Amino acid sequence: MKAVKGRGRRYALLMAARDSDYVKKLYGGYLNVFVDAFGDDGDRWDLFRVVDGEFPEAGELDAYDGFVVSGSPYDAYGNDLWIVRLCLLLRRLNDMEKKVLGICFGHQVLCRALGGKVGRACNGWDVGVRQVTVVDDLPSCGFLEHLGEMPDKFMIMECHQDEVWEVPIGADIIAFSEKTGVEMFSIGDNILGIQGHPEYTHDILYNLIDRLVNNSNIDSDFASEARKTLEAAEPHRKLLEKMCKSFLKWR
């Protein structure tokens, strides 16, 4: 376990992917990417590589103010042992009313763990910068009210071929897009799922697009269109970072 230490709040990053060579070289690992996006001075962040079977002990859970589940190249509906263990952990955290923020795969596996349905995206891969529309009747969530006025639409980086099909009972959809019916959902003030990547920088997504092409996950024409969206539209990173921070810190 690796930690960024401070005297403030304490968070756990449940890492569902392995660091790419690019992110290790440029950022020192995804932990630093998440801390840069969502952390504040004085916070402590601990890293658990759940993809490699590294989980927090049951007795440690109460010590954390919140948990963040990362994206992953794995399917959230898969039955790999670590994914099943992660689902069980997320159910326990929900029972404890702990703050849990799920990003991309994390958004999907959080939905699955709490009784929703996930699977392959009906409209195929979504990679690049996409406009997301906020629902007209926002749920009454303290972290959204604390955030202030919510825009009707915003831009976010996307990189996924799976999606949430059906949210858990009691969940509220916060936002949707042309390609994805559930871009964001919440359950009260302790569960938040985001399909896009508020933590990504442009260079991280550019590098990921190159790797997807090299691994034959997407073709060069699709990659070219994805890159164009990165050049044409600026994601609202500050808004999204503020939203995630508001969620993690709101009591």
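Residues numbered from 1 in each chain as written. Predicted model: local features only at pLDDT ≥ 70, side-chain atom pairs only at ≥ 80, totals over all residues. Heavy atoms only, no water.

**Student:** Can you help me understand the nonpolar core in this one?
**Tutor:** The tendency in soluble globular proteins is for nonpolar side chains to be buried side by side. Of all hydrophobic cores here, the largest spans 55 residues; its most connected members are Trp45, Leu101, Phe154 and Leu205. Here this core takes seven residues from helix 2 (residues 30-38), the largest share from any one element. Here phenylalanine 154 is in contact with Arg130, Gln131, Val132, Val134, Met184, His236, Leu239 and Leu240, once residues within four sequence places are set aside. Judged by nonpolar contacts, the second largest core, of 34 residues, contains Phe48, Val109, Phe185 and Ile191. (Core = buried A, V, L, I, M, F, W, Y, C linked by side-chain atoms within 4.5 Å. Buried < 20%, exposed > 50% of the residue type's maximum accessible area, 1.4 Å probe, protein only. Helix = DSSP H or I, 4+ residues; strand = E, 2+ residues; numbered from the N terminus. Contact = heavy atoms within 4.5 Å.)

**Student:** Looking at this structure, how should I read the environment of valine 100?
**Tutor:** Secondary-structure assignment places valine 100 in strand 5 (residues 99-103). Assessed through its relative accessible area of 0%, valine 100 is described here as buried. Taking the C-alpha atoms as reference, valine 100 lies 5.8 Å from glycine 66; in sequence the two are 34 residues apart. Leave out the neighbours within four places in its chain, and valine 100 touches Phe67, Val69, Leu90, Leu93, Leu110, Asn190, Ile191, Leu192 and Phe247.

**Student:** Would you take a moment to explain the environment of aspartate 52 for this structure?
**Tutor:** Structurally, aspartate 52 is set in the loop between strand 3 (44-48) and strand 4 (66-69). For aspartate 52 and isoleucine 173, which are 121 residues apart along the polypeptide, the C-alpha to C-alpha distance reads 31 Å. Reaching out from aspartate 52, the side chain makes a polar contact with the side chain of arginine 18 at a distance of 2.7 Å. (Polar contact = N/O pair within 3.5 Å; in protein donor to acceptor, adjacent residues only side chain to side chain.)

**Student:** Any chance you could explain a negative patch on the surface here in plain terms?
**Tutor:** Taken together, Asp136, Asp137, Glu149 and Asp152 make up a surface patch of like negative charges. You can see aspartate 136 is positioned in the loop between strand 7 (126-134) and helix 5 (142-147). Residue classification places aspartate 136 among the exposed positions, given a relative accessible area of 76%. (Patch = residues over 30% accessible without salt bridge, like charges linked within 9 Å, V, L, I, M, F, W, Y side chains within 5 Å. Areas by Shrake-Rupley, 256 points an atom, 1.4 Å probe, with all protein chains shown as cover. Salt bridge = Lys/Arg side-chain N within 4 Å of Asp/Glu carboxyl O. Lys, Arg positive; Asp, Glu negative; His and termini not counted. Charge placed at Lys NZ, Arg CZ, Asp CG, Glu CD.)

**Student:** Explain the packing of aromatic side chains here, please?
**Tutor:** Two descriptors summarise a pair of aromatic rings, namely the distance from one centre to the other and the angle between the planes of the rings. Overall, the coordinates contain seven aromatic pairs when judged by the stated rule. Where phenylalanine 48 meets tyrosine 64, the ring centres are 6.2 Å apart and the plane angle is 80°; that geometry is what we call edge-to-face. Of this pair, phenylalanine 48 sits in strand 3 while tyrosine 64 sits in the loop between strand 3 and strand 4, placing them 16 residues apart in sequence. Taking the relative accessible area as the measure of exposure, phenylalanine 48 reaches 3% and is therefore buried. Ring geometry for tryptophan 82 versus phenylalanine 105: centroids 5.7 Å apart, planes at 35°, classification tilted. Taken as a pair, tryptophan 82 in helix 3 (residues 81-95) and phenylalanine 105 in helix 4 (residues 105-113) lie far apart in primary sequence, 23 residues in all. A relative accessible area of 1% places phenylalanine 105 in the buried class. Ring pairs connect the aromatic residues Phe48, Tyr64 and Phe67, which therefore count as one cluster. (Phe/Tyr/Trp six-rings, centres within 6.5 Å; stacked < 30°, edge-to-face > 60°.)

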